Amino acid sequence: MDSIYPIVYCHDRFLFPRCTIELPEKGRLRADLKEGEKVVICTFSKPWDLLRVKGRIGTLATVISRVEGKGTAMFEVRGEKRVRITKRYSLRKAFCEEIPVTLPDDHEDRSERLRKKAQEFVFLINIPESDRLIYLVSFIQGLHDITDFIAHYFVVDPVRKRILYNLPVTDERSASLERFLDAMIEELRRINEGLSDEKSRR
């Protein structure tokens, strides 16, 4: 059965289930956020994307806390479920239905491959948060959960992230993520090798 929720429109920001983002407390293109409220996150890239949202993938989310930003009050929003928008009621509310989670037969093997590739990627970028990210990835269970976590926090390229966000089936989304991780790791290796060669010539 479809349910109706307030819409939060986000320009090129993607919220995956079981992940979080911060959003301004108020906005012209959405209902104002209230702590504890459930909302539908609808991402758009171009203004004309707002004209047709029926059939689009969104994220059912919960507003979990208010955060004081620099001059702007922000709310932290946590994704709960992947949904499909079935009908918009005015500009500010939408009916949606949950997209069920399905898993391929080799989901355990895929989960482990993604975990190892994500840890390798984090090791290569070598940022202060690397240890924490490696720790978090090691404890996430379930192919759909680890796929969404890596897509949300590790993939920064907006084109790649948009592709992953709009793949509703875990099988396709995890396979695409694995290919993207391979490419991201190779890109980092080339960058690191170039930096190493530059240092050796000095």
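Residues numbered from 1 in each chain as written. Predicted model: local features only at pLDDT ≥ 70, side-chain atom pairs only at ≥ 80, totals over all residues. Heavy atoms only, no water.

**Side note on empty space enclosed by the protein**
For clarity, the cut-off: Using protein atoms alone on a 1 Å grid, points that fit a 1.4 Å probe yet trap it form a cavity, whereas open point sets bounded by protein on both sides within 12 Å along at least five of seven lines form a pocket; residues with an atom within 4 Å of a point count as lining. Grid points are joined across faces, edges and corners, and a volume is the space filled by probe spheres set on the points.
Under the definition given, this model contains one cavity of 30 Å³ or more. Counted as a void, the largest cavity has a volume near 40 Å³. Around the largest cavity, the lining residues are Arg82, Ile99, Pro100, Val101, Thr102, Pro168, Thr170 and Arg173.

**Things to note about the pairing of strand 1 (residues 3-11)**
As a reminder, the rule being used: Note on pairing: DSSP must find at least two bridges between two strands before they are called paired. A helix here means a DSSP run of H or I that spans at least four residues, while a strand means a run of E at least two residues long, and both kinds are numbered starting from the N terminus.
Inspection of the sheet shows strand 1 paired to strand 6 (residues 93-98) by four bridges, in the antiparallel sense. Residue Pro6 lies in a different strand from strand 6, and its bridge partner there is Lys93. In terms of strand pairing, strand 1 meets strand 3 (residues 38-44) through five bridges, oriented parallel. Following the sheet pairing, His11 is matched in strand 3 by Phe44.

**Structural notes on the packing of aromatic side chains**
Pairs of aromatic rings are described using the distance from one ring centre to the other and the angle between the two planes. To be explicit about the condition: Each Phe, Tyr or Trp ring, with Trp reduced to its six-membered ring, pairs with another whose centre is within 6.5 Å; inter-plane angles below 30 degrees give stacked pairs, above 60 give edge-to-face pairs, and intermediate values give tilted ones. Buried residues are those whose accessible area, probed at 1.4 Å on protein chains only, stays under 20% of the maximum for their type, while exposed residues exceed 50% and partly exposed ones sit between those limits.
Scanning the model with the defined rule gives six aromatic pairs in all. On the basis of an interplanar angle of 90 degrees and a centroid distance of 5.5 Å, the ring pair of Phe16 and Tyr165 is categorised as edge-to-face. Note that Phe16 is positioned in the loop between strand 1 and strand 2 (20-24) and Tyr165 in helix 4 (residues 158-165), a separation of 149 residues in sequence. Both residues of the pair, Phe16 and Tyr165, count as buried. Connected via pairs of aromatic rings, a cluster forms that spans Phe121, Phe149, Tyr153 and Phe154.

**Quick notes on unusual backbone geometry**
Its identity as a non-glycine residue notwithstanding, Asp12 has a phi of 55 degrees, on the positive side. Asp12 gets classed as partly exposed once you look at its relative accessible area, which sits at 31%. Within the chain, Arg18 stands out as a residue other than glycine whose phi angle is a positive 65 degrees. With respect to the helices and strands, Arg18 occurs in the loop between strand 1 and strand 2.

**A word on the nonpolar core**
We count it as follows: As used in this record, nonpolar core signifies buried Ala, Val, Leu, Ile, Met, Phe, Trp, Tyr and Cys residues forming a set joined through side-chain atoms within 4.5 Å. For this analysis, residues touch if any pair of their heavy atoms sits within 4.5 Å.
Ranked by size, the top nonpolar core spans 40 residues in total, and within it Leu23, Ile41, Val77, Ile150 and Phe154 carry the most contacts. Top contributing element to this core by residue count: helix 5 (residues 170-201), with six residues. Those residues in contact with Leu23, other than ones at most four positions away along the chain, are Val8, Cys10, Arg13, Leu33, Ile41, Ala73, Met74, Phe75 and Val77. In this structure, Tyr5, Cys42, Leu60 and Cys96 belong to the second largest nonpolar core, which totals 13 residues.

**Examining the layout of surface pockets**
Reported here for the largest pocket is a volume of approximately 250 Å³. Lining the largest pocket are Pro17, Arg18, Cys19, Arg132, Leu133, Leu136, Ile140, Asp145, Phe149 and Tyr153. Of all the secondary structure elements, the ones that give two or more residues to the lining of the largest pocket are helix 2 (130-139) and helix 3 (143-153).

**A look at the packing of helix 1 (residues 107-125) against helix 2**
Operational definition: Between the N-to-C directions of two axes lies an angle of 0 to 180 degrees, each axis being a line fitted to C-alpha atoms and, for a helix, fitted only over the stretch in contact. Oblique is the label for every angle not falling under 35 degrees (roughly parallel), over 145 degrees (roughly antiparallel), or within 65 to 115 degrees (roughly perpendicular). Side-chain classes are defined by residue name, with Ala, Val, Leu, Ile, Met, Phe, Trp, Tyr, Cys and Pro counting as nonpolar, Asp, Glu, Lys and Arg as charged, and the others, Gly among them, as polar.
Relative to each other, helix 1 and helix 2 sit at 175 degrees, their axes nearing to 9 Å. Of the possible angle classes, the one that applies to helix 1 and helix 2 is roughly antiparallel. In contact with Arg115, Ala118, Gln119, Val122 and Ile125 of helix 1, helix 2 contributes Ser130, Leu133, Ile134, Val137, Ser138 and Phe139. A class-by-class count of the residues in the contact of helix 1 with helix 2 yields seven nonpolar, three polar and one charged.

**With respect to the packing of helix 1 against helix 3**
Rules: Note: crossing handedness is left-handed where the near helix turns anticlockwise from the far helix by less than a right angle, and right-handed where it turns clockwise.
Contact pair helix 1 / helix 3: the axes reach a minimum separation of 9 Å and the direction vectors enclose 25 degrees. In this view, helix 1 runs roughly parallel relative to helix 3, as classed from their interaxial angle. Both helix 1 and helix 3 take part in a crossing whose hand is left-handed. Where helix 1 abuts helix 3, its residues His107, Arg110, Ser111, Leu114, Arg115 and Ala118 lie against Leu143, Ile146, Thr147 and Ile150. A class-by-class count of the residues in the contact of helix 1 with helix 3 yields five nonpolar, three polar and two charged.

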